[in-house]
Amino acid sequence: MLIQFTLNNQPVAVEAPSDITLLALLRDHLRLTGSKEACEVGECGACSVILDGELVNSCLVAAPQVSGRSVITIEGVRAPDGGPNDMQQNFISYGAVQCGFCIPGMIMAGEALLLKNPQPTRQQIRVALAGNLCRCTGYQQIVDAIEATAKSRARQRA
Amino acid sequence: MPKYSFATAATVDEAVRLLNEPEVRSIPLGGGTDIFVALRVNPLWFDRLVDITHVPELHHIGVADGVVSIGAAVTFTQALESELLQGVAPFLACACENVGGPAIRNSGTLGGNVANAAACADSLPALVCLDAVVHLLSPAGERALPISEFVSGPHQTNIQPGELITHFSFAQPPAGARSAFIKIGRRRAQSISRLSIAAIGTTNAGGAIDYIRITPGAATPKTIRFTPVEDMLKGQPPTRELFVRAGEAMSAEMISVTGRRWSTPYKEIALKAITERVLAAIFLQEAQPC
């Protein structure tokens, strides 16, 4: 079936089977492999994307369910020059990335939080990351990086 | 060849029509957070998913003539952020806040939580306390069932093929009612309830408990109010000693339903403890996580 939606702010139309998930659509049909496939049951958050402004697990969304809607994946999060954006740069600076597998999901969870709540408390950041597992960092550096991003964006807005 | 097809319903009537087309086993798709997990382990049980999440009235949360109504496609996030629900049934909003993590709450729906009917479903204890009514629509017309009759056992409901849950309704609890929900999981977030409890109650001018409903989750195969414990509490002044006895009575009632199972040595103690805490939260104003 033809699935038409907005992907990273660009309209796309893709012919795909009706029985696949959004994650499979992104990875196997659109070759966007930044969203990771891991638990496939919504427990790890590695496949997180932003659907109409809200964080979702793309492994639990039917691909045709995004018809007419807007999806942002990790490939759509970048600085204007194509390099890392401020949050991604902070993840590097704060040592928030070790093996890196969970990081696309972590960045999406962080960006989804700041869309809704531009100045979160550390506790709110932890709640926002509750569905994203990281087995390397212990999370502190990830919370630090998101907190720093929120603060620097607030300063830029001021 | 795809294993199943996909259709999107724009209206409730279209959803019901699609669910009842002959020769196509169709099921409603809400957030997908249970269906796509079940698909990994179960043989395919449908030919078509009918996406109902674009039907506006299925997202409605409202109150009219003292009756609160919640659409089946309302997500946990929409429910927990609803000022109406925070006001009339804070323990239901709290239960929704305890489901999974943010991404699951953004997708998962109350209709799906009830239709899936897991014994550990987080929304069930509060909905059962509220004596919520499940409203169903099919080509034969509307049907309404108390939630305690709708859910007949773990992952078992009395929904008929082709029926769609449209909404839930419940009478607005008495003015001044206080409610609380407590969940025990293996960790604070993104966990399945090992045990939970919802309760709502009021005291009269004389200080005695005059309205109380108490429902444990993941304690019995079917989520039910523990009315013998409610009867024991009614008319009594709320004291710590009373709540200790109520905790013991809750555990005894659970064991009378389930018998002694492998999990009983844990649940017997844990249910007693969360019963005391939930009653203290309501009647002694003790703080609870939400």
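Bear in mind the structure is a predicted one, so any value in this text is a computation, not a measurement.

A.B. asks: Just to check I follow, could you spell out the environment of Val61 of chain A for this structure?
C.D. replies: Structurally, Val61 of chain A can be placed in the loop between strand E4 (54-57) and strand E5 (70-72). The class for Val61 of chain A is buried, based on a relative accessible area of 4%. When sequence neighbours within four positions are dropped, the list of residues in contact with Val61 of chain A reads Thr21, Leu22, Val56 and Val66 of chain A together with Phe36 of chain B.

A.B. asks: I'm lost on the pattern of salt bridges in this one. Help?
C.D. replies: Opposite charge on two side chains allows them to pair when their charged atoms are near. Residue and element names in this part refer to chain A. All told, the structure shown has 23 salt bridges over all chains when counted by the stated rule. A salt bridge links Arg153 to Glu111, with the shortest nitrogen-to-oxygen separation between them at 2.9 Å. Taken together, the positions of Arg153 in helix H5 (residues 140-157) and Glu111 in helix H3 (residues 103-116) put the pair 42 residues apart, joining distant regions of the chain. You'll find Arg153 and Glu111 in the same group, each marked buried. Asp144 is the partner of Arg122 in a salt bridge, and the nearest nitrogen-oxygen pair spans 2.9 Å. Here Arg122 is found in helix H4 (residues 122-128), whereas its partner Asp144 is found in helix H5, with 22 residues between them in sequence. If you follow the salt bridges from partner to partner, you end up with Arg122, Asp144, Glu147 and Lys151 in one network.

A.B. asks: Help me out: how do you make sense of the layout of surface pockets in this one?
C.D. replies: Any empty space left between atoms is shown by rolling a water-sized probe over those atoms. Approximately 1400 Å³ is the volume found for the second largest pocket. When residues of the lining of the second largest pocket are traced back to their parent elements, those giving at least two are E4, H3 and H4 of chain A together with helix H3 (76-81), helix H6 (102-107) and strand E11 (178-184) of chain B. Counting residues per element, the lining of the second largest pocket draws most heavily on H4 of chain A, at 5 residues. For the lining of the second largest pocket, the residue count by class is 19 nonpolar, 12 polar and 11 charged.

A.B. asks: Is there a simple way to think about the sheet that holds strand E1 (residues 5-8) of chain B in this case?
C.D. replies: Two strands in a sheet stick together by hydrogen bonds in their backbones, pointing the same way (parallel) or opposite ways (antiparallel). Residue and element names in this part refer to chain B. Across the sheet, 3 strands lie side by side as E1-E3-E2; this open sheet has parallel pairing. Each edge of the sheet is formed by a strand with only one pairing partner; in this case those strands are E1 and strand E2 (26-29). Adjacent strand axes in the sheet meet at a mean angle of 30 degrees when their direction is disregarded. Both E1 and strand E3 (residues 48-51) contribute to a ladder of 4 bridges, which runs parallel. Bridging across to E3, Ser5 finds its partner in Arg48.

Conventions we followed
Residues numbered from 1 in each chain as written. Chains lettered and ligands numbered in written order. Predicted model: local features only at pLDDT ≥ 70, side-chain atom pairs only at ≥ 80, totals over all residues. Heavy atoms only, no water. Helix = DSSP H or I, 4+ residues; strand = E, 2+ residues; numbered from the N terminus. Buried < 20%, exposed > 50% of the residue type's maximum accessible area, 1.4 Å probe, protein only. Contact = heavy atoms within 4.5 Å. Salt bridge = Lys/Arg side-chain N within 4 Å of Asp/Glu carboxyl O. 1 Å grid on protein atoms, 1.4 Å probe; cavity = no way out; pocket = protein on both sides within 12 Å on 5 of 7 lines; lining within 4 Å. Points joined across faces, edges and corners; volume = space filled by probe spheres on them. Nonpolar A, V, L, I, M, F, W, Y, C, P; charged D, E, K, R; others polar. Pairing = 2+ DSSP bridges. Axes fitted to C-alpha atoms, helices over the stretch in contact; angles between N-to-C directions.

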